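# Structural features, examined
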Amino acid sequence: MLRDQLTGQRENKAQKQARDLVRQMLKDKKSFAVWGAGATGKSTLDFLKQASDGVLVPQCIVDNNQALWGQNHIVSPGDFMKAEPLPERMIVSVYVADQVIAQLKDMGYTGEIIDLNVHLADDLWDFYESHMDELEELYLLLADSQSRETLAGFLNGVRENDAEYFRRINGNSKEKLLDPKIMKYTDEEFFVDVGAFTGDTIREFLELTGNKYLKIVGIEPDRKNYEVLKANIGKWGLGNISSENVAVGETDGITHFMTDMSESSHRAKSGGQEIQMRRLDTMEELQDLTVLKVSTNGCDLQALQGARSLILRNRPKISTYASGMLLWEIPEYLHKLVPEYKIYCRHYGTGIQAMICYAVC
């Protein structure tokens, strides 16, 4: 039983550590920067501001997404390293902090590096505890022991709000959504990347497959991210890779989109950008897909529901983010649609949004 794998403790270690950090920063007055312009970084900035009564202000915000450079004090990694004086402390607030920390060290940054990417509120465990029956069903559905250990470790991390649990279950974050042991790629894959961002997952897919594939389509709704994606595809100089600037969902029509949030851009009624939304089932150019990755910041199930016919016919290898209710709703949907699917669960990084569901036949 999943319940038997859960820790008896319940506390908020992350909140305590974050408040201890604020007290230390107020005391030593070291200059600092924050790495991460997405939702996690903004949450960290809000926390630092509120906990210090507005005293703690970063020298700059650093992000790898070039679409955001030059606005709202966001700078490139290269410009950050040229800063004089260089901030003495870097607070990393992205869920794949291991990659950013390695990048900082490779760039020659010698200041203090702090990984601060955990949920700071107290109410998240209550949500998961109230759905323990659904989580138990998911636990029994999972195809291997690593998936079951991952689910239990994730829930313990949430229960104690302790990133150490996440580190114990983490896979290689460069393989997030692409685990080659699960996906078992051939040289004839048609890879569709829904929520392609600026092409980071496509780039990793190319590395994992040695540039051997049939076709790749990257779909990205955020216009600024899309322009960078399109430029990156051109730089790679490879054939049969294309891109689409549309949203993917459960219906065809118009939707609103919240932009300028780096990888955290998402569909929202209050979004300032109107964009065409398509069902994968009605996109003729995708009908032969064999690998489907979905990353839509909360609308992943709707994207899969809009691909029902494609999934039934092609039974593609699927990877998707699955947090909150999606943690069990997506596996349940895919397993009912195609009972032959084996469901796997993996975690990457230190964020509560870093759970991945894989489905393969």
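Whatever comes next refers back to the structure up there.
Heads up: these notes are all about the structure in this document. (Residues numbered from 1 in each chain as written. Predicted model: local features only at pLDDT ≥ 70, side-chain atom pairs only at ≥ 80, totals over all residues. Heavy atoms only, no water.)

### Some thoughts on the pattern of salt bridges
Enumeration according to the criterion identifies 21 salt bridges in this entry. Its salt-bridge partner being Lys13, residue Glu160 comes within 3.4 Å of it at the nearest N-O pair. With Glu160 in helix H7 (residues 145-160) and Lys13 in helix H1 (residues 13-28), this pair connects stretches of sequence that are 147 residues apart. What makes Glu160 buried here is its relative accessible area of 1%. Assessed through its relative accessible area of 25%, Lys13 is described here as partly exposed. The salt bridge partner of Asp162 is Lys13, with a shortest N-O separation of 3.3 Å. With Asp162 in the loop between H7 and helix H8 (163-169) and Lys13 in helix H1, the pair connects residues that are 149 residues apart, well separated along the chain. Owing to a relative accessible area of 12%, Asp162 belongs among the buried residues under this scheme. Several salt bridges converge on common partners, so that one network encompasses Asp28, Lys30, Arg89 and Glu112. (Salt bridge = Lys/Arg side-chain N within 4 Å of Asp/Glu carboxyl O. Helix = DSSP H or I, 4+ residues; strand = E, 2+ residues; numbered from the N terminus. Buried < 20%, exposed > 50% of the residue type's maximum accessible area, 1.4 Å probe, protein only.)

### Regarding unusual backbone geometry
In this structure, the amide linkage connecting Glu84 to the following residue, Pro85, adopts the cis form with an omega of -5°. Here Asn211, not a glycine, exhibits a phi torsion of approximately 60°, which is positive. With respect to the element layout, Asn211 can be found in the loop between helix H10 (200-209) and strand E7 (215-219). Although it is not a glycine, Asn297 sits at a positive phi angle of roughly 50°.

### Let's talk about the packing of aromatic side chains
Summed over all chains, the structure comprises seven aromatic pairs. Measuring from centroid to centroid gives 5.6 Å for Phe80 and Tyr109, while their planes differ by 55°, and the two rings are tilted. Within this pair, whereas Phe80 is found in helix H3 (residues 77-81), its partner Tyr109 is found in the loop between helix H4 (97-107) and strand E5 (112-115), the two being separated by 29 residues in sequence. The burial state of Phe80 is the same as that of Tyr109; both residues are buried. For the pair Tyr128 and Phe154, a centre-to-centre distance of 5.7 Å together with 90° between the ring planes defines the contact as edge-to-face. On the criterion of sequence distance, the pair formed by Tyr128 in helix H5 (residues 124-130) and Phe154 in helix H7 is long-range, its members being 26 residues apart. The class for Tyr128 is buried, based on a relative accessible area of 2%. Connected via pairs of aromatic rings, a cluster forms that spans Phe127, Tyr128, Phe154, Phe166 and Trp328. (Phe/Tyr/Trp six-rings, centres within 6.5 Å; stacked < 30°, edge-to-face > 60°.)

### Focus on the pairing of strand E16 (residues 355-360)
When you tally the buried positions in E16, you get six out of six residues, the bulk of the element. Because side chains alternate across E16, one face comprises the buried residues Met355, Cys357 and Ala359, and the other comprises Ile356, Tyr358 and Val360, equally buried. Pairing analysis gives four bridges linking strand E14 (residues 317-321) to E16, with the strands arranged antiparallel. Note on E16: the bridge partner recorded for Ser319 is Tyr358. Where strand E15 (residues 342-347) meets E16, six bridges bridge the pair, whose relative direction is antiparallel. (Pairing = 2+ DSSP bridges.)

That is the geometry; function is a separate question.
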